[in-house]
Amino acid sequence: MIRRLVLDVLKPHNPSIVDLSKELSELDGVEGVNIITYEIDQKVENVKIILGGSNIDFETVKKKLESLGAVIHSVDEVAAGTRIVEEVGTPQDKSARL
Amino acid sequence: MRFLEKIRDYTRISGFAPIGRRYFIKNAFDGAMTSLGIVVGAYVAGDPNPFFIISAGLGASLAMGLSGLVGAYVTEEAERTRELESLERSMLKDLDKSVIGRASRFASLWAGMVDGLSPALAAVGCLAPFFLFPITFAIQLSIVIALFVLFLLGVFLGKVSSRNVFLHGMKLLCVGLILTFILLAVKTIY
């Protein structure tokens, strides 16, 4: 079961991220939503959506976003299982940055 | 309740509220002015006949209603389809079945209804006295109603623009009065 989902999403300006967050928070298994806009274009905007919950259904989230006119660019993070495992830093991350 | 919520959502997403207000005010103004013109015109022509005024008024209302309904719908639909297609190109996605596509269709339909019903309702309201009262009183009451409708539309405009509602009401009322005086002047000349 998915506990946390981080998505990179492309959406039109309307519906707004306020509407989007309300709609997503009403989905079964979703307990919290955080949406951050990080790029705004003339007609569209890129947002990062973070969903937290006890049992998030990815397909339901995808369908809901599509019905709101948004498109998932990428799934940037998934945490599943009985415990959320946080990202940890590794030496490889440093070398990857060089 | 869910239906009303949907209408609210579609109105917000399609950005229809200001367009709807414009359609409503412009066309209700048309309807009130037309019926005022018909009533005063019939009086000026002499020997006013209630059947003639009602027929002419209802004919004009129906014509304005149908013309508004069809005209606004096809215009709004064409513009919104163009906008939707442009958005689809930006999104690289078909949005027809999304809430944006549905809101766009709702806005076109709603524009037609507002554009069609507002002049027809204003005109029917102004002509209502002819169904109820003798001709002389009906003409006077109808003119008063038409001028009052114009005043109310001005008040509404003033409220929308958060300015002096009375001044805006008087502005539109003056337009109605100008029409009335011009037609009465024609009667004096002839």
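Here the structure is shown first, and the text comes after it.
For every chain, the first residue of the written sequence is number 1, and numbering continues from 1 onward in sequence order. To read the labels, note that chains go from A and ligands from 1, taken in the order they are written. Where totals are concerned, whole chains, interfaces and linings use all residues; where local detail is concerned, this predicted model gives features only for residues with pLDDT of at least 70, and gives and counts side-chain atom pairs only at 80 or more.

Undergrad: Residues and numbers for unusual backbone geometry, please.
TA: Negative phi is the rule for most residues except glycine; trans is the rule for most peptide bonds. The omega torsion of the bond from Asn14 of chain A to Pro15 of chain A falls at 0°, within 30 degrees of zero and hence cis. Residue placement: Pro15 of chain A occurs in the loop between β1 (2–12) and α1 (17–25). Notably, Leu92 of chain B is not glycine yet its phi reads approximately 55°, a positive angle. Around each residue's C-beta, the other C-beta atoms within 10 Å are counted; 20 or more make the residue buried, 12 or fewer make it exposed, and counts in between make it partly exposed. All C-beta atoms are placed from the backbone. Since 9 C-beta atoms lie within 10 Å of it, Leu92 of chain B is described here as exposed. Of note, Ser162 of chain B is a non-glycine position whose phi angle comes to about 55°, a positive value. Numbered from the N terminus, helices here are DSSP runs of H or I no shorter than four residues, and strands are runs of E no shorter than two. Inspection of the secondary structure assignment puts Ser162 of chain B in the loop between α6 (135–160) and α7 (165–189). The exposure class of Ser162 of chain B is exposed, given the 7 C-beta atoms found within 10 Å.

Undergrad: For the sheet that holds strand β2 (residues 30–40) of chain A, give the residues involved together with the corresponding values.
TA: All names here are of chain A. Taken in spatial order, the four strands of this open sheet run β2-β3-β1-β4, and their pairing is antiparallel. Strands with a single pairing partner mark the edges of an open sheet, and in this sheet they are β2 and β4 (71–80). Direction aside, neighbouring strands of the sheet carry axes that sit 15° apart on average. Should DSSP find at least two bridges between two strands, the strands are regarded as paired. Relative to strand β3 (residues 44–56), β1 runs antiparallel, the two sharing 10 bridges. Directly across from Arg4, in β3, lies its bridge partner Gly52. Here an angle of 0 to 180 degrees is reported between the N-to-C directions of two axes, which are lines fitted to C-alpha atoms, with helices fitted over the stretch in contact.

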